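Chains, contacts and geometry: an overview
So the chains spell out like this:
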Amino acid sequence: MTQLNSKIPQGPLAEKWTSYKTHQKLVNPANKRKLDIIVVGTGLAGAAAAASFGEMGFNVKVLCISDSPRRAHSIAAQGGINAAKNYPNDGDSVYRLFYDTIKGGDYRAREANVYRLAEVANSIIDQCVAQGVPFAREYSGYLDNRSFGGAQVSRTFYARGQTGQQLLLGAYSALSKEIGRGHVELFHRREMLDVVIIDGRARGVIARNLVTGELERYAAHAVVLATGGYGNVYFLSTNAMNSNGSAAWRAHRKGAMFANPAFVQIHPTCIPVHGDYQSKLTLMSESLRNDGRIWVPKKKEDAEKIRKGQLKPTQLGEEDRDYYLERRYPAFGNLVPRDVASRAAKERCDAGFGVGTTGLAVYLDFADAIKRLGKHVIEARYGNLFQMYEKIVDDNPYEMPMMIYPAVHYTMGGLWVDYELQTTIPGLFAAGEANFSDHGANRLGASALMQGLADGYFVLPYTIQNYLGDQISVARFKTTAPEFDEAEKNIRGQIDRLMGINGKRSVDSFHRQLGHIMWDMVGMGRNAEGLKKAVTAIQELRKEFWKDVKVTGKKDNVNNELEKALRLMDFLELGELMARDALHREESCGGHFREEHQTQDGEAKRNDDDFKYVGVWEYKGENQEPTMHVEPLNYEFIEVKTRNYKE
Amino acid sequence: MKFTLKIWRQENAKAQGRFETYQLDNISADCSFLEMLDILNEKLVNDNISLPVDTITFDHDCREGICGMCSLYINGRPHGPEQGTTVCQLHMRRFNDGDTITIEPWRAKAFPVIKDLMVDRNAFDKIIQAGGFVSVSTGGVPDANAIPVRKEDADLAMDAAACIGCGACVAACKNASAMLFVSAKVSQFALLPQGKIEAKERVQAMVAKMDELGFGNCTNTYACEAECPKNISVENIARMNREFFFSKLTLAKRESNGGGVG
């Protein structure tokens, strides 16, 4: 059995990272020139890592699935990025950011990793400002902050409602600088389809050129996957259309273990589903909960009238509204963490108080804030979000409360990595949403940007050297090695098989069906019966897929249908693993809510005695049951408590 | 709703393109433009269940108006009829039932067609690589609040930085000029103290690269501003021109040392 060694440095929590950096191996400048690194993905983590490696003097090859690194889905993050600068003088500190993140993750994240994240967060803000990221500022010229869920301080830096865009463009410009200087080579419109392993170490990848259809080989001394999360397994999510789990899944099939696949974040404030033809869901930033109040009608009759269009929400008096988050969680109110807010919305809608034509929506109301601050202030803070809402829903949120409902947004689970962000395949690293490392069972708002950039700018540039330190005498790899032949042959086989089925159903029809299974049985509320059903249903769907899918087009040209089919074949396996992981975890924690495990008032009931660990899955072959390993979580420095956002 | 679609089909960069006509029925008014194309593609797959068929290729990704991937020229306008909107945020309710809609790719020498409605916008990346950055490496920077910025300047920089790099400005311009795109990046950095240090070299390098890649000149028609989905202002072009001429006059010769802009 593979031993999981998390490689957490010895010593007090606050000194671990410093101590690691002091004792790690380094690579001298002359040797860096001899070493190659492949970075797959150009979102915050990938672009930041590739730029930093290039600056340090390594030879870097970057694979980007889109036409430009600037398209990566990090660009869509709206609200902000956390750091413990304590500029507002409201009592913030590295320890508090660490504590909030661990607690927000419902005590299912590794202490040492989260502390390091909090520790380097301040440097991220400094770095981004130096790059010219136009963060929001006060009239004094200094940086402005706002609040996000799960925190009692204002520690979130932002650039209007486009923080992800501005941070990504910062990383993209740093990457472009290195491409211009010749330290980084960019390969765009390439999709990674396999990791190549030589003598037990990751030494390259196979990618499909999405324009010519050619399978290409890339070799290096180390490979970094920064390929994002797998939320699109649900078909409908807030992820971009091209976001997929294939790079991570294919690494998993090659031996990289997968941690906590069941931990999925369902974001409470998204625009509700409106029709079968819908292709994706749109997020409304969590920052809206700073000023918006969430409510449903107090009486079922009113909710019913609203659903039928006989009553407008603005006609309901204060006494007839149930501000259920403020009622249930007085201390945090509308700013409870995402998992808590999502479940509360589901609870109200399931109980018959939902609004909108489908009854699957709640109100997010700005009337009070507009009265208190004036329309111009709300417009300055959230103008672009209000505009986006109006375009999609065709309703004016300045006059009518917004309608929102939870939607799949982020995956906390991912490739298992140690403290160095190295997977169980030596030489294969995973960063950003692709790894499992920092968010436990629930991610706090404004922490994904923080983690992506922390991994890319300030963690990997150190830890990868510790790996490459003893690789300096290893000569450059040739892509003619038999391991490359073998990997390429396998992929060619998969493509030929997919295109040869010539069945009757479109790729999307299968994906939609998988999405329904996942949302209904591996979604916001899960139970043993449903999860067992999900495992069987996915297995059957997978068989059906391989019998009856129709992949049109040619393999040696741009072919979106083939791209989607290749991704879906992986989702059809990953979905099953998610259900298995959810089934085995007999507790409720963070985004993982098992209906059997709740308190009398419907709060999540964690089981620390039996499940205070990371569930780490090992691939055992096609249609074989996977094996689960355990990484126990030892909390040496904080006391593990029941999360309480009530007082 | 019912539509007749005239869509540009082109097998690859070298092939001859042509318009194909498609009919679509039962489209909800709340459906987005790209979802309408999804429906058409799924119909193509299902209707031609035994014939060899190829779906219509178009670039798209985030579908929330921020990644800049979508790039359709609809009824003669980049991103279609709605002001300040990307195609992915355009909904069918903006059209009339029974409309004929013509869909083409971006057309510009610097943006060659790859297939159908997909074009190659790599030229934009090359312009950024020529100088669209501050030459700062990771680490070793001062505390964020050690660089105060006037709020007005930060806001103007943000207005310029909101560019999504979709290329609608180039597609809208009769000269296929990239001035709005380039000036947005030049302005963002010219307005901020962090960017001022390399401002002269940056504007020269980016403009030179833009010319080299085959983008046209600006003749002040303002079509770019009118069609920009993010409402980037042509004031940025004025600012870039000022930066350009000023730097031309005052730029000291810098030895090329492998570092710095350009």
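Basis of the calculations
- Residues numbered from 1 in each chain as written.
- Chains lettered and ligands numbered in written order.
- Predicted model: local features only at pLDDT ≥ 70, side-chain atom pairs only at ≥ 80, totals over all residues.
- Heavy atoms only, no water.
- Helix = DSSP H or I, 4+ residues; strand = E, 2+ residues; numbered from the N terminus.
- Contact = heavy atoms within 4.5 Å.
- Areas by Shrake-Rupley, 256 points an atom, 1.4 Å probe, with all protein chains shown as cover.
- Lys, Arg positive; Asp, Glu negative; His and termini not counted.
- Charge placed at Lys NZ, Arg CZ, Asp CG, Glu CD.
- Rg over C-alpha atoms; globule rule 2.2 N^0.38 Å.
- Buried < 20%, exposed > 50% of the residue type's maximum accessible area, 1.4 Å probe, protein only.
- Buried area = accessible area lost by both parts, 1.4 Å probe.
- Salt bridge = Lys/Arg side-chain N within 4 Å of Asp/Glu carboxyl O.
- Expected span 1.5 Å × (residues − 1).
- Pairing = 2+ DSSP bridges.
- Domains from an automatic or database assignment.
- Polar contact = N/O pair within 3.5 Å; in protein donor to acceptor, adjacent residues only side chain to side chain.
- Core = buried A, V, L, I, M, F, W, Y, C linked by side-chain atoms within 4.5 Å.

The next point concerns the overall build of chain B. The helix and strand tally for chain B stands at nine helices and seven strands. Dimensions of chain B, computed from the C-alpha atoms along their principal axes, are close to 65 × 40 × 40 Å. Contacts in chain B between residues at least 24 apart in sequence constitute 70% of all its contacts with a sequence separation of at least 6. Of the roughly 10500 Å² of accessible surface on chain B, 50% is carried by carbon and sulfur atoms. Counting 29 positive and 33 negative side-chain charges, chain B places the averaged centre of each group 6 Å from the other.

Per the secondary structure count, chain A includes 18 helices and 21 strands. The C-alpha atoms of chain A give 24 Å as radius of gyration, which agrees with the globular expectation for 647 residues (26 Å, within 12%). Burial analysis of chain A (647 residues in total) assigns 68% to the buried set. Partitioning the contacts of chain A with sequence separation of at least 6, the portion at a separation of at least 24 is 75%. For chain A, the exposed area adds up to about 21500 Å²; of that, 47% sits on carbon and sulfur atoms.

It is worth spelling out the interface of chain A and chain B at this point. Counting from both sides, the interface comprises 79 residues of chain A and, opposite them, 83 residues of chain B. For chain A, the biggest contributors to the area lost against chain B are Arg-71, Tyr-277 and Lys-391 of chain A; these three give 11% of the whole. Between the two partners, chain A and chain B, sit eight salt bridges. For the salt bridge of Arg-189 of chain A with Asp-59 of chain B, the shortest nitrogen-to-oxygen distance reads 2.8 Å.

As a further point, take helix H6 (residues 163-180) of chain A. All names here are of chain A. End to end, H6 covers 25 Å across 18 residues, agreeing with the expected 26 Å (1.5 Å per residue, within 8%). Within H6, 17 of the 18 residues are buried, which leaves the element mostly enclosed by the surrounding structure. Just downstream of H6 lies Gly-182, where phi reads positive at about 85°.

The strands that make up a sheet pair up through hydrogen bonds in the backbone, lying either parallel or antiparallel. All names here are of chain A. Taken in spatial order, the five strands make up an open sheet running S11-S15-S14-S12-S13, and their pairing is antiparallel. Single-partner strands in this sheet number two, and they are strand S11 (264-270) and strand S13 (321-322). In the sheet, strand S12 (residues 293-297) pairs with S13 via two bridges, with the strands oriented antiparallel. Bridging across to S13, Val-296 finds its partner in Asp-322.

Attention now moves to the domain arrangement of chain B. Residue and element names in this part refer to chain B. Along its sequence, chain B is organised into domain 1 (3-115) and domain 2 (122-250). Listed by partner, the interface residues are 18 residues for domain 1 and 21 residues for domain 2. Summing both partners gives a buried area of about 1400 Å² for domain 1 against domain 2, and 58% of it is carried by carbon and sulfur. Looking only at domain 1, the three residues that lose the most surface to domain 2 are Pro-78, Ala-110 and Phe-111, adding up to 32% of its buried area. Glu-227 is paired through a salt bridge with Arg-77; the nearest N and O atoms lie 3.0 Å apart. Counting the contacts that link domain 1 with domain 2 gives four residue pairs in polar contact (both at pLDDT 80 or more).

With that settled, consider the pairing of S12 of chain A. Residues and elements named next belong to chain A. Taking burial as the measure, the five residues of S12 include four buried ones, the bulk of the element. Inspection of the sheet shows S12 paired to strand S14 (residues 362-365) by three bridges, in the antiparallel sense. The partner of Trp-295 across the bridge, within S14, is Tyr-363.

Next up on the list: the nonpolar core. Among the nonpolar cores identified, the biggest contains 239 residues, and Phe-53, Ile-81, Phe-135, Leu-498 and Phe-545 of chain A together with Phe-215 of chain B are the most heavily contacted of them. The element best represented in this core is helix H17 (residues 560-584) of chain A, accounting for twelve residues. Those residues in contact with Phe-215 of chain B, other than ones at most four positions away along the chain, are Ala-110, Phe-111, Ala-123, Phe-124, Ile-127, Val-170, Ala-176, Ala-178 and Met-210 of chain B. Of all hydrophobic cores here, the second largest spans 29 residues; its members include Leu-24, Phe-33, Ile-56 and Phe-95 of chain B.

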